[in-house]
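One-letter residues, chain by chain:
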Amino acid sequence: MSAPNIETIRFAKPAASQNPSTPKPRHQGLLQDQLRRSNKPILAPSLSVAFRMIMLVRAFAAMYSLIQDADEVFNFWEPLHYFDQNHGFQTWELSPRYAVRSWAYIVLHWLPLKAPVILNNTSKRAAFFALRLFLAAISSFCEAKFYRAIVDNVNDHVGRYALFFMLFSTGMYNAATALLPSTFAMYTNMLAYSYAMQLPSRSSGRRAIMATVFFAAGAIIGWPFSLAVAIPFVIEELFTYGSDHVKPEAYGSWMEHRWRGLINAGAIASLLFIPVIAIDTLAYGRVSIVPWNIVRYNIFHSDRGPDLYGTEPWHFYVMNLLLNFNLALPLALAAFPALLLTYRIQNRRVGITKPGADDGSPYVSLGLRLAPVYLWLGIFTAQAHKEERFMYPIYPLICFNAAVALYLFKSWAEVAYTKATSSYQASKTGLFSNLTLWTILFSGIISFSRIMAIYRYYHAPFAIVGHLEFKELPRVLNATNLLIVPDRSNEYAGVYVQSTRYEDDVKYDLSPLKIFGGLRLCYGKEWYRFPSHFHVPEGVEVRWIKSGFDGMLLALFAESKGGSWPWVREKTREIPEGLNDLNKEEPRHYVPVETCDYLVDSDFPSRLNSPSMPPPSPHEPRYVLDEETWDKVVCVPFLDAQTSGRISRLLWVPDVLTGGKGLSVGGGNQFGDYCLLRNKVLAHERESKKWA
């Protein structure tokens, strides 16, 4: 009680809304952290931040990753070059007789190819890298959206783990910027699963429509077999409750609604066939349904089919994926068994509440999201013909599965720690966060080593054609008094003047090469490492010479006369001679080696002394040693994988630690020479003549 005539001040108690310790809303994802909701929120980058993080790595890949597959060059880069420049190599798949490659997919990339023209750069090399940067941006957005869907619908931790597995894996680095239908299917699968990660619900049909459209886009525009990834989604959409609460008496109407919704979504998605069939029909000059042609050739041909191009043992994909994902692969394969074990030992980890008889099971929902990796591996392991690119559509899903397994293993460790110490502070110790950190970090280090190994050991085919364009051809023009260099006083106006000055740091106009009537660059046994005409300047023609390879090489597209709108390359409608689907050799594709101005060839001396190596083919002499006929323009070290150690050839270790020989396991690395050779006779005739 206060004294009279004395005023007092009373402070009101803070309102409940002003309490800083108000628990944050509970995460609604499939995997639940067993933490107090008052704990600080988990750091999960936003869509924008994730996109920028990924784009930094993918842009690097666009500029420095190699082309992993000759099929990418010959079936996609070459026809795209033909569509743009009116010359390039043609495969049998692009003949109207077979039509198993879609021109719709190819021309889809033509506009990004022209981006450098806006900056007054007409270089084909610049166009090549502009398109790769475009693909890097597309992949980065798809990866970021896929990651955010995991964060929102599964778990913050799982999303973050998946982000870093995608960011640092060798597989994603190689696949993200590849011009391949399987890469396109990888993009659409990520977008599809950014919606399919949500639980199906009767109240929202957007999930079914968007996921179905993206799955269909990957199959119709890209690769029809990618639709196998959607099988678990279809099962979930049709037969599981998801977030719906369904009473027995309402089951019939619920089922009818789900089926009708998916059928309607499929009908909408099927409209994608219209532009694809229209473009392919224009290109081939006859009605062409390329997705069906692909399925028919690969499945229903008994005397033909992909087995003609090589078969691999059952463990090929396991070993290949282990190389591309290292620790992430065993984690990904362990995800489903880990989920089953979690159901037995830590049931509360999955789902917000225990489902009733009328509710969907969160374990079933999560299991169906893990299933595509196992389904895909099972289907393609059973096929005799195997290629690395066939795994591209599930690369992001491998990272997701690995993230789920890592999260579950961490949760088991937390529970074991709590029981062993009788303490409930597992969430506050750094032990378990360090466990996941070092797992991802170690996986990233191995991936970086693999990426560097690929670049350092196998970059020579790109280096050779780069030397031809930027060093050798300017030297030829200089020697023949045809050199044209930019006028430095009008450099930004694109003005060129004739000069005899030859400087390494100057960009040259190579158009005078046409005066020679076309320089001939030949490939023999290295034909499958040709990096595409985008790396060969105008005025240089590429041809094949006979080598030990006895299969069918590529023909040249016939030059179009201009065609008519809307298809300007009318020669794509003609059936070329000398192309077959039996991989039979066609001698008319070869030119005599003495007609070659330049020759790209490799030389591996270490094979001569190896008893395990077969004798060299009589069609593959050591051109490098024929000094009477050939000058060495440049030779670049190139790994001899066949005589190098099995481990040392796979990973790069800094030269300061190994003396440049790589790991000493298995005998270390052996290198040969990858050379650009110049024909002495033809060079002398050309450079001794006075040219106008």
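Residues take numbers from 1 onward in each chain, read along the sequence in its written order. Where local features are concerned, this predicted model is filtered to residues with pLDDT of at least 70; where side-chain atom pairs are given and counted, the filter is 80 or more; whole-chain, interface and lining totals use all residues. Water and hydrogen atoms were dropped before computing side-chain values, which therefore reflect all heavy atoms in the structure.

Time to look at the packing of aromatic side chains. The aromatic pairing rule takes the rings of Phe, Tyr and Trp, using the six-membered ring of Trp, and pairs them if the centres are within 6.5 Å, calling planes under 30 degrees apart stacked, those over 60 edge-to-face and the rest tilted. Counted according to the given criterion, the structure contains 54 aromatic pairs. Ring geometry for Tyr64 against Tyr455: centres 6.1 Å apart, planes inclined by 80 degrees, an arrangement best described as edge-to-face. With Tyr64 in helix α1 (residues 47–64) and Tyr455 in helix α19 (residues 431–458), the pair connects residues that are 391 residues apart, well separated along the chain. Measuring from ring centre to ring centre gives 4.6 Å for Phe89 and Trp544, while their planes differ by 20 degrees; the resulting arrangement is stacked. Of the two residues, Phe89 sits in strand β1 (residues 89–90) while Trp544 sits in strand β5 (residues 540–544), which places them 455 residues apart along the sequence. Each member of the pair, Phe89 as well as Trp544, is classed as buried. Taken together through their ring pairs, the aromatic side chains of Phe74, Phe89, Tyr523, Trp527, Tyr528, Phe530, Trp544 and Phe549 make up a single cluster. Two limits define a charge over a ring: the Lys NZ or Arg CZ must be within 6 Å of the ring centre, and within 35 degrees of the ring normal. Against the face of Phe516 rests Arg686, its NZ or CZ located 5.9 Å from the ring centre. Only DSSP runs of H or I covering at least 4 residues are called helices, and only runs of E covering at least 2 are called strands; the numbering of each starts at the N terminus. Accessibility here uses a 1.4 Å probe with only protein chains present; expressed as a share of the type maximum, an area under 20% marks a residue as buried, one over 50% as exposed, and anything in between as partly exposed.

Further remarks concern the packing of helix α6 (residues 124–153) against helix α9 (residues 181–196). The axes used here are C-alpha line fits, helices contributing only the stretch in contact, and every angle between their N-to-C directions lies in the interval 0 to 180 degrees. Relative to each other, α6 and α9 sit at 25 degrees, their axes nearing to 8 Å. If you check the angle between α6 and α9, you find them roughly parallel. For α6 against α9, the interelement crossing comes out left-handed. Contact residues: α6 offers Leu135, Ile138, Ser139, Phe141, Cys142, Glu143, Lys145, Phe146 and Ala149, while α9 offers Met186, Tyr187, Met190, Leu191, Tyr193, Ser194 and Tyr195. Put simply, Ala, Val, Leu, Ile, Met, Phe, Trp, Tyr, Cys and Pro go in the nonpolar bin, Asp, Glu, Lys and Arg in the charged bin, and everything else, Gly too, in the polar bin. Class assignment for the residues of the contact of α6 with α9 results in 12 nonpolar, two polar and two charged. Each angle receives one of four descriptions, namely roughly parallel if under 35 degrees, roughly antiparallel if over 145, roughly perpendicular if within 65 to 115, and oblique otherwise. Should the near helix be turned anticlockwise from the far one by less than a right angle, the crossing is termed left-handed; should it be turned clockwise, right-handed. Any two residues whose heavy atoms approach within 4.5 Å at even a single point are treated as in contact.

Here we take up the pairing of strand β4 (residues 519–523). Within β4, five of the five residues are buried, which leaves it mostly tucked inside the rest of the structure. Across the two faces of β4 the burial is the same, with Leu519, Leu521 and Tyr523 and Arg520 and Cys522 all buried. One bridge is not enough; two strands pair if DSSP finds at least two bridges between them. Two elements, β4 and β5, share five bridges in a ladder whose sense is parallel. Along β5, the bridge assignment pairs Leu521 with Val542.

Only a pair of cysteine sulfur atoms within 2.5 Å counts as a disulfide in this structure description. Inspection of every chain in the model, using the stated rule, returns two disulfides. Shown here is the disulfide that connects Cys522 with Cys596, its sulfur atoms set 1.9 Å apart. Around the S-S axis, the bridge from Cys522 to Cys596 shows a dihedral of about -90 degrees and counts as left-handed. Taken together, the positions of Cys522 in strand β4 and Cys596 in the loop between β6 (555–556) and β7 (598–603) put the pair 74 residues apart, joining distant regions of the chain. The exposure class assigned to Cys596 is buried, which follows from its relative accessible area of 0%. A disulfide bridge connects Cys635 with Cys675, and the sulfur atoms are separated by 2.0 Å. On the S-S bond that ties Cys635 to Cys675, the torsion sits near 110 degrees, and the link is right-handed. Note that Cys635 is positioned in strand β8 (residues 630–639) and Cys675 in strand β9 (residues 671–679), a separation of 40 residues in sequence. Take Cys675: its relative accessible area is 0%, and that puts it in the buried class. Looking at the protein, its bonded cysteines, counted consecutively from the start of the sequence, adopt the pairing 1-2, 3-4.

Looking now at unusual backbone geometry. A positive phi angle, near 100 degrees, is found at Ser532, a position not held by glycine. Checked against the element boundaries, Ser532 lands in the loop between β4 and β5. A relative accessible area of 0% places Ser532 in the buried class.

Now for the packing of α9 against helix α10 (residues 206–222). Between α9 and α10, the shortest axis-to-axis distance is 8 Å and the interhelical angle comes to 175 degrees. Here α9 lies roughly antiparallel to α10, going by the angle between them. Between α9 and α10, the contacting residues are Pro181, Phe184, Ala185, Thr188, Asn189, Leu191, Ala192, Tyr193, Tyr195 and Ala196 on the first element and Arg206, Arg207, Met210, Ala211, Phe214, Phe215, Ala217, Gly218, Ile221 and Gly222 on the second. Looking at the contact of α9 with α10 residue by residue, the classes come out as 14 nonpolar, four polar and two charged.

Another point: the sheet that holds β4. The strand order β5-β4-β7-β9-β8 describes an open sheet built from five strands, whose pairing is mixed. Looking along the sheet, the strands with just one partner apiece sit at the ends: β5 and β8. Pairwise comparison of adjacent strand axes, ignoring direction, gives a mean angle of 25 degrees for this sheet. The strands that helix α22 (residues 680–687) touches are β4, β7, β8 and β9; relative to β9, the one it contacts most, it runs at about 40 degrees.

It is worth spelling out the environment of Ala185 at this point. Tracing the backbone through its elements, the reader meets Ala185 in helix α9. Excluding anything up to four places from it in sequence, Ala185 contacts Gly218, Ser226 and Pro393.

Relative to the elements of secondary structure, Ile545 occurs in the loop between β5 and β6. When the C-alpha positions of Ile545 and Cys596 are compared, they lie 8.9 Å apart, and in sequence the two are 51 residues distant. Excluding anything up to four places from it in sequence, Ile545 contacts Cys522, Tyr523, Gly524, Tyr590, Val591, Val593, Cys596, Leu599 and Tyr623.

A separate point is the pattern of salt bridges. One speaks of a salt bridge when a side-chain nitrogen belonging to Lys or Arg is within 4 Å of a carboxyl oxygen belonging to Asp or Glu. Applying the stated rule across the entire model yields 33 salt bridges. Here Asp69 and Arg389 are joined by a salt bridge, their closest N and O atoms 2.6 Å apart. Of this pair, Asp69 sits in the loop between α1 and α2 (70–85) while Arg389 is found in the loop between α17 (362–381) and α18 (395–421), placing the two residues 320 residues apart along the sequence. The same class applies to Asp69 and to Arg389, which are both buried. The partner of Arg622 in a salt bridge is Asp603, and the shortest N-O contact between them spans 2.7 Å.

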